[in-house]
Amino acid sequence: MNFICGKYQLNLTRPHVMGIVNVTPDSFSDGGKFASTNLAVEHALLLIAEGADILDIGGESTRPNATPVSLDEELSRVIPVIEALSQHSTVPISIDTYKPEVMRQAIAAGADIVNDIRALQEPNALQIVANSNVGVCLMHMQGTPKTMQLAPNYVEVVAEVKQFLIDRLNTAQAHGIVKNRILLDPGFGFGKTRAHNIELIKHLNMLVDIGQPLLVGLSRKAILGAIVGGDEGQRLHASIAASVISAMKGAKILRVHDVKATVDALKVVAAIQ
Ligand code: 9MG
């Protein structure tokens, strides 16, 4: 199973690790834009050294209840990081955004993948990706980050998420984005209760059956905190368990904060598989 993204072609026979690089004021430095760009690039290069197969660069928090940032602010956070990384990175660079203009400028700056929590539903997003050679991750979300955890509601969560992903896959293909450029993602924690998330992990095979590579992001998420307790910094072991279970159930890309630990855990999965 090959995933084509920009100048890269990833063979997803073994599970791959996407390392998270948040370029938000709380994640790096309070020493201004230049300092936070440098720290983000340094962090990204460390994740590559730890074995990351992909870097995911994000300038706006997508946590529940997060306040949106302006287009200009997001651009000023992520574009310098992508420009710098595109000179040095040996792995594909993903831009985590739902804003079409950020997609456009990130692709021009050297991004290889668009990771879109809104699955290219914003006006013009489909065209921007279609008119490029980047890969794309289409994610399911009910609501928006501001509202999504207020009252998530499904009759049959797995079937509904699956149908949404199939619809977005078909729409992307109809706009000229070929299948081997597309990843699908159930969007753990995005408009889902604990029960919904568990149901989705349990039945991940139903989403694997769509036939596209699945990306899973459970790293340090509240669902894991609800199971093991503790704050975000205390969810490493639970995150590793979640990555291992997801990979064993067929996920091909794991989006994580803790790259080295996940890479080691996934080597064990690959050896068994
Ligand atoms: C940006 N972001 C935060 N969580 C995510 C997840 O689970 N999947 C994807 N694709 N992106 C995410």
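For the structure, check the block above.
Below is a summary of the structure that appears in this document. (Residues numbered from 1 in each chain as written. Predicted model: local features only at pLDDT ≥ 70, side-chain atom pairs only at ≥ 80, totals over all residues. Heavy atoms only, no water.)

## Side note on the site of the ligand
All residues adjacent to the ligand are Thr-62, Asp-96, Asn-115, Cys-137, Met-139, Asp-185, Phe-190, Leu-215, Gly-217, Lys-221 and Arg-255. Here a nitrogen atom of the ligand sits 2.5 Å away from a polar atom, N or O, in the side chain of Asp-185. Within the backbone of Gly-217, one N or O atom sits 3.3 Å away from an oxygen atom of the ligand. Coverage of the ligand by the protein amounts to 97% of the 300 Å² it exposes when considered alone. (Near = heavy atom within 4 Å. Polar contact = N/O pair within 3.5 Å; in protein donor to acceptor, adjacent residues only side chain to side chain. Areas by Shrake-Rupley, 256 points an atom, 1.4 Å probe, with all protein chains shown as cover.)

## As for the pairing of strand β10 (residues 253-256)
Burial along β10 is two-sided: Ile-253 and Arg-255 facing one way and Leu-254 and Val-256 facing the other are all buried. With four bridges joining them, strand β3 (residues 16-22) and β10 adopt parallel strand pairing. Residue pairing in the sheet places Gly-19 in a bridge with Val-256 of β10. As paired strands, strand β9 (residues 215-216) and β10 are joined by two bridges and run parallel to one another. Bridge assignment links Val-216 to a residue of β10, and that residue is Leu-254. (Buried < 20%, exposed > 50% of the residue type's maximum accessible area, 1.4 Å probe, protein only. Helix = DSSP H or I, 4+ residues; strand = E, 2+ residues; numbered from the N terminus. Pairing = 2+ DSSP bridges.)

## Details of the nonpolar core
Membership of the largest hydrophobic core comes to 69 residues, with the highest contact counts inside it found for Leu-55, Ile-57, Val-114, Leu-120 and Ile-177. Broken down by element, this core gets its largest block of residues, seven residues, from helix α5 (residues 157-174). Leave out the neighbours within four places in its chain, and Leu-55 touches Gly-19, Val-21, Ala-44, Leu-47, Ile-48, Leu-85, Ser-89, Val-91, Pro-92, Ile-93 and Ser-94. Judged by nonpolar contacts, the second largest core, of twelve residues, contains Cys-5, Tyr-8, Cys-137 and Ile-253. (Core = buried A, V, L, I, M, F, W, Y, C linked by side-chain atoms within 4.5 Å. Contact = heavy atoms within 4.5 Å.)

Keep in mind these values describe shape, not function.
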